[in-house]
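Fold and geometry: a report
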Amino acid sequence: MHPLHHDQPSHTNDGLSLHERNDSGIGRRITRFGAILTLSGIFCKILLLIYTVFAIEILGKERFGRIEYFIEMGVIFSVLLDFGLEQTVTREMARRREQLRHFLHPLAVYRLAVSFVGGILIALLLFLTAKPGHTWPLILCTTLYFFVILNMMLIRAMARSLELLSYEGLANALDKIVHIGPAMLVLLYYPRLSPLVLCYTAGAVVSLMIYWYIILRRCGWQRRTYTIREWIDWQKLAIPIGLSAACILLLHREDTAMVNWIRGDEETGLYRGPYRFLEGLFLFPQMLAISAYPIFSKLFHEKRPFTNTAATLMRGLMMLSLPIAVGGTCVANPMMMALAPELGKAGGMVFTILLWSLPFIYANFLLGTILNATDRQNLNVRASFCGLLSNAILNVPGIYFWGAYGASVMTVLSQGLYGVMMMVYMRDFSLFAESRRYLAIVLASSVMAVALLAIPVHWIVAIPFGAMVYFAVLVLFRGVSREDYQNIRRMASKKNAG
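First things first, this report covers the structure right here in the doc.

Reading guide: rules and limits
Residues numbered from 1 in each chain as written. Predicted model: local features only at pLDDT ≥ 70, side-chain atom pairs only at ≥ 80, totals over all residues. Heavy atoms only, no water. Helix = DSSP H or I, 4+ residues; strand = E, 2+ residues; numbered from the N terminus. Phe/Tyr/Trp six-rings, centres within 6.5 Å; stacked < 30°, edge-to-face > 60°. Buried < 20%, exposed > 50% of the residue type's maximum accessible area, 1.4 Å probe, protein only. Axes fitted to C-alpha atoms, helices over the stretch in contact; angles between N-to-C directions. Parallel < 35°, antiparallel > 145°, perpendicular 65-115°, else oblique. Left-handed = near helix turned anticlockwise from the far one by under 90°. Contact = heavy atoms within 4.5 Å. Nonpolar A, V, L, I, M, F, W, Y, C, P; charged D, E, K, R; others polar. Polar contact = N/O pair within 3.5 Å; in protein donor to acceptor, adjacent residues only side chain to side chain. Expected span 1.5 Å × (residues − 1). Bend = angle between axes of the 7 residues up to and from the residue. Salt bridge = Lys/Arg side-chain N within 4 Å of Asp/Glu carboxyl O.

Examined against the element boundaries, Arg156 turns out to sit in helix α4 (residues 136-161). For the pair formed by Arg156 and Ser207, sequence separation is 51 residues and the distance between their alpha carbons is 8.6 Å.

Moving on, we get to the packing of aromatic side chains. One pass over the full model with this rule turns up 17 aromatic pairs. Ring centres of Phe277 and Phe351 lie 6.5 Å apart, and the angle between their planes is 65 degrees; on these two criteria the pair is classed as edge-to-face. Taken together, the residues Phe277 in helix α8 (residues 265-280) and Phe351 in helix α11 (residues 344-355) connect sequence positions 74 residues apart. The class of Phe277 is buried, set by a relative accessible area of 8%. Residue class for Phe351 comes out buried when judged on its relative accessible area of 5%. Ring geometry for Tyr470 and Phe471: centres 5.0 Å apart, planes at 70 degrees, overall edge-to-face. One aromatic cluster is present, built from ring pairs that chain together Tyr271, Tyr275, Phe282 and Phe365.

At their nearest, the axes of helix α10 (residues 307-339) and helix α12 (residues 358-373) sit 7 Å apart, and the two run at 160 degrees to each other. Relative to α12, the element α10 is oriented roughly antiparallel. Taken as a pair, α10 and α12 cross one another with a handedness that is right-handed. The segment α10 lies against α12, with Ala310, Leu313, Met314, Leu317, Met318, Leu320, Ser321, Leu322, Ile324 and Ala325 engaging Leu358, Pro359, Tyr362, Ala363, Leu366, Leu367 and Ile370. Classifying every residue of the contact of α10 with α12 by side-chain character gives 16 nonpolar, 1 polar and no charged.

In this fold, Arg376 is placed in the loop between α12 and α13 (377-402). Of the polar contacts made by the side chain of Arg376, one reaches the backbone oxygen of Tyr425; its length is 3.5 Å.

Let us now look at the environment of Cys199. Looking at where Cys199 falls in the secondary structure, it is placed in helix α6 (residues 193-219). Residue class for Cys199 comes out buried when judged on its relative accessible area of 7%. Every residue in contact with Cys199, bar those within four places of it in the chain, is listed here: Val178, His179, Pro182, Ala183 and Val186.

Take α12 next. If you check α12, its first and last C-alpha atoms are 23 Å apart, about what 16 residues at 1.5 Å a residue would give, namely 22 Å. Summarising burial for α12: 15 of the 16 residues are buried, a large majority. Asp375 occupies a position one or two residues after α12 and carries a positive phi of about 60 degrees.

Our next topic: α10. End to end, α10 covers just 41 Å across 33 residues, shorter than the expected 48 Å (1.5 Å per residue, more than 12% under). At Val331, α10 shows its largest kink, close to 55 degrees, and the proline Pro334 lies no more than four residues downstream.

Once that is clear, we can look at the pattern of salt bridges. Tallied over the entire structure, the rule returns 14 salt bridges. The residue Glu68 makes a salt bridge to Arg276 at a minimum N-O spacing of 3.0 Å. Of the two residues, Glu68 sits in helix α1 (residues 18-82) while Arg276 sits in helix α8, which places them 208 residues apart along the sequence. Per residue, the accessibility class of Glu68 equals that of Arg276, and both read buried. A salt bridge links Arg272 to Glu279; the shortest N-O distance between them is 3.6 Å. Here Arg272 falls in the buried class, since its relative accessible area comes to 0%.

What follows covers the packing of helix α9 (residues 283-301) against α10. The geometry of α9 relative to α10 is characterised by a closest axis approach of 12 Å and an angle of 175 degrees between their N-to-C directions. In terms of orientation, α9 and α10 fall into the roughly antiparallel class. On the side of α9, the interface is formed by Phe284, Pro285, Leu288 and Phe296, while α10 contributes Leu313, Leu317 and Leu320. Here the contact of α9 with α10 is composed, by residue class, of 7 nonpolar, no polar and no charged.

What follows is the structure in structure tokens.
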């Protein structure tokens, strides 16, 4: 029997099954943590978008593309060197929290050793692939940024395993304040790329310090003897998740490196500018996945069900992502012309194409989380590798002939392939069972698009206008049920799940 299911659920006096009550409690925890991280994330994304608008205007496409390439290389290397250990530690420590103190010392030392080796490797790669303007100060500053975020990832995983997600919200906010504040001053008074990378690093240092403080306060520091074998065992355990994490990371970020290598810094700026705006729309599913992962992992380990919650969350993600893609298509060009005129009309076209990857990306965050939480990470590896391979192969002609346009189209196709494969692997969850609700979402999005095209208004007005039309039609077509309203009310409750 599958551990997520039981034969006959017990019922309580109020008529609800214990599974339904458990799902409701799970939903409250995930939604509450997701709300905390989302509010923090909205604040961070607003600061980052303000910085992005100024950076594109002051630095220009070429220099903006250059710094985006270096920051992306730092992120890529951090995930490749972590190789799944962050998610593995989150999952395993969520299941055995009492052992966290025992493993803190050897894991921290292991991560420090990997950071030094990785720092040498990334500096060497950036030097060997350097283009004009890729200076040693910029390479060294990027190496330092990589070193800090790689160490931050491990200690953040431990905080997540304890469900200390409110502290993560605080860390994210302070990270961006310390990053963006000095970065804006650098842009205005000393617009050089190396100091800007140091601003990114300063924000990451703040996050690192916060996570260490809360972990040491909760668990203390226990020095003990250990062997290299213990490091190897942890990394071997992380291999399946590491493979999928590497594939997912490259699926999202290899485009930037490939555009830079094939077409140069300027075309990278044209691609990364709109992509920065797109990343702001990842916020909710990303925070939801972060909140759900330790909870789903613990429940699966305890053989407690959460399929109803997963289906409700998936429907909610589609309810948000599809209208954003449809409505965004109607306002993308004027919005990008107003916010990033340096990119021209091409920036609006790139953003329009990228928007159609959103429904797949929203679904993929949740699908990948469930696969990893339920020990199906090998299936996640297969799906993510196919998505990555298709993206890499198609990107070569796509970027060579069409530049940023080609990279954008390939992002949609590869994210779609990745999502479809995961849906096939998770047929037993029946996440898309209520077809009538999904049909209502499609119809409401279509009516919204017709309204936006028939009544031309300024893009700032079009966004709330389109949202009102969409939700009115969604309710009319019964895309949101009475049960959904009750679930939302229960999930919004401040009471902790038992």
